Amino acid sequence: MHKLKALTMIQLKDFIGKYTSGLGMKNKYIGRILLLVLAGLLAVPSITLSIVIYDSLQIIGQTELLITSMYLNSVIFMFIFGFPFIISVFFFARDSHFLAALPIREDSLIISKLATVYIYLLVVSTLILGPALLIYLINSGFSIYLLILSLMTLILAPLLPLMISSIIILPFGNIFSRSSHRKMLVTLFNIIFLVGILGFQLFFGNYFEDPEMVQELLAGGGFIEIIGMNFPPSIWLTRAFTGSLISVGLFLALNLLLIFILKFTAKLFFRRSLLAFAQEGGSSNGRIYFKKRSRSFQLIRRNILIILKEPMFLMNNGIVLIAPIFIIAILLIQGDYSLAMLGSAEMESYWLLILSVFIASPALMGNITATAITREGQSFWETRVMPISAAENLKYRILTTIILSSFSSLLFLVMALFIIPFSLELYGLAALFSLVLTLLLAYVDIVINIFRPHLNWTNPTAAVKNNLNVVFSLLIRAGIGLVFFLFYQIFPGLFVGSNQLVFISTIIFAGLYILVRTYVYRQGAEKFEKISI
Amino acid sequence: MIITKGISKIYDGHKKAVDNLNMDIQQGEIFGFLGPNGAGKTTTLRMITGILAPTAGEILIDGIDIRKNPVQAKNNFTYVPDHPDIFNSITGIDYLNFLADIYNVSEEARKKRITNLTGEFGILDDLGKMINSYSHGMKQKLLISGALLPEPKIIILDEPLGGLDPRSSRTLKSLMRAHCDKGGTVLFSSHLLEIVETICDRVGIIKEGRLIACDTMAEIKSKSDSSLEEIFMELTESA
């Protein structure tokens, strides 16, 4: 027990240390304040959603369903966040061999590693489920039973997705470890899994927010039963909140059962999957060539390969670049929108806006240059000692993003061409808007990374996910969107239709692009030269 | 070839890693840079190569200020770091071709040099493999081959002999000597005093960021009957 405690503590310290240094804040107090503000901002949608759902459920007199709904939401989000994190911690961490040599039981090693994932998921659960529990507690009148139950729910909530994810990963890790393309397979599996979870979330999301839908479901045999059939812990939890101690027991028993299953399979997990996966040897010998290529080709290739060859980077960038297609597909499947509706005459004045945003979505959702320097980690020195100017070094990082985003935008454009036959003029204007926005955002993001490079990461997740650069980059995008929305709302007369908005935006973005580009190659390049390793 | 004029490096406003370091490394010499752990050797080499910016002072590479004209200055040298942390999801030959393109080495020349260098280090047959399948020593050999490939005026190496087997260590020493005999310059740091003693024309000893001795091997040894190891111990303890 002493060894397990020591190991768990060191893993937790390592995780927290990596996470806080990954945030890249020199002043720890500002960093902490920023983290709290960020947590507050992240909790806002959850607070709003909980209030809306609570008000809807009050009409039908079943407010405890708020717990069902938000618990399910939090479980889904914990799967979304936890799955790649578990894969990263187990398969792509560099300490597997070091840990294997320690005189510690294999199940202890697994459990100590899972402790870091638990903390991560606890934060996710607190942000999503926490507000719902608080709202329910306030409205139901504080009682010791409810308070203890709420705390227990919050503490236990991460266990279920944590254990289920780990148990799912076990056989797959075992299968993948035998393949020479194991990292690629894990990435692919991860993407498919996340797309599935996200699809489930989008598909069922509407049921909880629409009181009519809830009533319809209730009439058809009871809402709790319908959900409960698919996911019994949510039904037990809901009944626990209405006072059923048996349900409390069932919920606790399930969590304990999963812990035991994991404990008994941990040995197999460690030997057959982790150690086998961590072996790097056995690379096949490729062709030896001596072909001369241009310097620009080599530098762009290097930046693209850094993304393609690191599963975590590939997954992260791949998802943001294809996510818009997936979201649109889900919206169409759900029936919220249809192609006929998009192509109708009433929507005509919005065609250019919709098309422009769709084609530009890879640039809007992806923020590849925000981590272009960070991604290199300890190998950053390589290009620093080469006879390449700072401006040139930055240029090829930015060009890499522009190539990847534009390739994705081009795919979207071709897709749109086949789906809705708008005029070529419309496609041309939308493509121009997309190109200008892609250029602007690629340059804006590199400024963030020049100011906040984080090269001392030991886990690729820290480079692209646990990184405030990504948050800053998304906030800038949200800010741009908000400015235009407010402008459109305050001065509606200035715009005849959305076409004018797109046209004016393109000009403004082009101006901003010239300004930011000038800054990057002057002051930005100087600052880049000063980045220490 | 390499001149440092009063360079200093202060971390976090108070930690002095290097303090007013003056060195003048001549063309055609092998200069050994010695010092205990944490003395400031790596920091100095990183400043000379432009990876770190000095807090004060000036660094001239073949007469070119590395801060003012970094690209021109960097055209004159290649660098091998103490840890072979390189982008390792590519093959060894990808890495060498990458360097050859950056330093503008012709196809004919790269073919000859890559074959010779990697042949001498015994990694020619492994060049088609991914670098992440290489051992520490193989990575080190690949980095050294890459540094020698462009035939630069100066080669800067930080603890280059650490991961090498005796045969490769000997190969490197003879390559360093051959490079200097052709008019090139080698600056390297090491803990291996017997190697420094046998191959260096001059040595610099650094302690707590300050250069406490800098002279030819003969001059240093003429002042004492002791071995370089004893002189090193004496200097680094008393300074």
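Details of the structure are given in the entry above.
What comes next is a walk through the structure. (Residues numbered from 1 in each chain as written. Chains lettered and ligands numbered in written order. Predicted model: local features only at pLDDT ≥ 70, side-chain atom pairs only at ≥ 80, totals over all residues. Heavy atoms only, no water.)

Digging into the interface of chain B and chain A
And then number 1: With 45 residues of chain B in contact, the opposing surface of chain A contributes 36 residues.
And then number 2: With both chains or domains summed, chain B and chain A bury close to 3700 Å², and 58% of this area falls on carbon and sulfur atoms.
And then number 3: Considering only the surface of chain B that becomes buried against chain A, Phe87, Phe98 and Ile102 of chain B emerge as the three largest contributors, covering 18% of it.
And then number 4: A salt bridge links Arg301 of chain A to Asp94 of chain B; the nearest nitrogen and oxygen atoms lie 3.4 Å apart.
And then number 5: Put simply, the parts of the chain that give the side of chain B that touches chain A at least two residues each are helix H2 (70–74), strand S6 (77–80), helix H3 (92–102) and helix H4 (107–121) of chain B.
And then number 6: With eight residues, H3 of chain B is the single largest residue contributor to the side of chain B that touches chain A.
And then number 7: Class assignment of the residues belonging to the side of chain B that touches chain A gives a composition of 22 nonpolar, eleven polar and twelve charged. (Contact = heavy atoms within 4.5 Å. Buried area = accessible area lost by both parts, 1.4 Å probe. Salt bridge = Lys/Arg side-chain N within 4 Å of Asp/Glu carboxyl O. Helix = DSSP H or I, 4+ residues; strand = E, 2+ residues; numbered from the N terminus. Nonpolar A, V, L, I, M, F, W, Y, C, P; charged D, E, K, R; others polar.)

Focus: the packing of aromatic side chains
All names here are of chain A.
And then number 1: Tallied over the full model, the rule gives ten aromatic pairs over all chains.
And then number 2: With a centroid separation of 5.6 Å and 85 degrees between ring planes, the pair formed by Tyr136 and Phe241 is classed as edge-to-face. Placement of the pair is Tyr136 in helix H5 (residues 106–140) and Phe241 in helix H11 (residues 232–241), with a sequence separation of 105 residues. The burial state of Tyr136 is the same as that of Phe241; both residues are buried.
And then number 3: Note on Tyr443 and Tyr521: the rings are 5.8 Å apart at their centroids and 85 degrees apart in plane angle, and the pair reads as edge-to-face. Of this pair, Tyr443 sits in helix H19 (residues 424–451) while Tyr521 is found in helix H22 (residues 498–529), placing the two residues 78 residues apart along the sequence. Side by side, Tyr443 and Tyr521 carry an identical accessibility label, which is buried.
And then number 4: Aromatic rings pair up to connect Trp351, Phe422 and Tyr427 into one cluster. (Phe/Tyr/Trp six-rings, centres within 6.5 Å; stacked < 30°, edge-to-face > 60°. Buried < 20%, exposed > 50% of the residue type's maximum accessible area, 1.4 Å probe, protein only.)

So, the packing of helix H16 (residues 351–365) of chain A against H19 of chain A
Residues and elements named next belong to chain A.
And then number 1: In contact at an axis separation of 8 Å, H16 and H19 are set at 35 degrees when each is read in the N-to-C sense. The chirality of how H16 crosses H19 is right-handed. Between H16 and H19, the contacting residues are Trp351, Leu352, Leu355, Ser356, Ile359, Ala360, Ala363 and Leu364 on the first element and Leu426, Tyr427, Leu429, Ala430, Phe433, Ser434, Leu437, Thr438 and Leu441 on the second. (Axes fitted to C-alpha atoms, helices over the stretch in contact; angles between N-to-C directions. Left-handed = near helix turned anticlockwise from the far one by under 90°.)

Quick notes on the sheet that holds strand S9 (residues 202–207) of chain B
Whenever strands of a sheet pair, they do so through backbone hydrogen bonds, lying parallel or antiparallel.
Residues and elements named next belong to chain B.
And then number 1: The strand order across the open sheet built from six strands is S6-S7-S8-S3-S9-S10, with neighbouring strands paired in mixed fashion. The sheet is open, and its two edges are formed by S6 and strand S10 (210–216), each paired on a single side. Taking the axes of each pair of neighbouring strands and ignoring which way they run, one obtains an average angle of 15 degrees across the sheet.
And then number 2: In this structure, strand S3 (residues 30–34) lies alongside strand S8 (residues 185–189), joined through four bridges in parallel fashion. Residue pairing across strands places Ile30 opposite Val186, the latter belonging to S8.
And then number 3: Contacts from helix H5 (residues 136–148) reach S6 and strand S7 (154–158) within the one sheet, and its direction differs from that of S6 by about 175 degrees.
And then number 4: Those strands touched by helix H6 (residues 166–181) are S3, S7 and S8, and its axis lies near 145 degrees from that of S8. (Pairing = 2+ DSSP bridges.)

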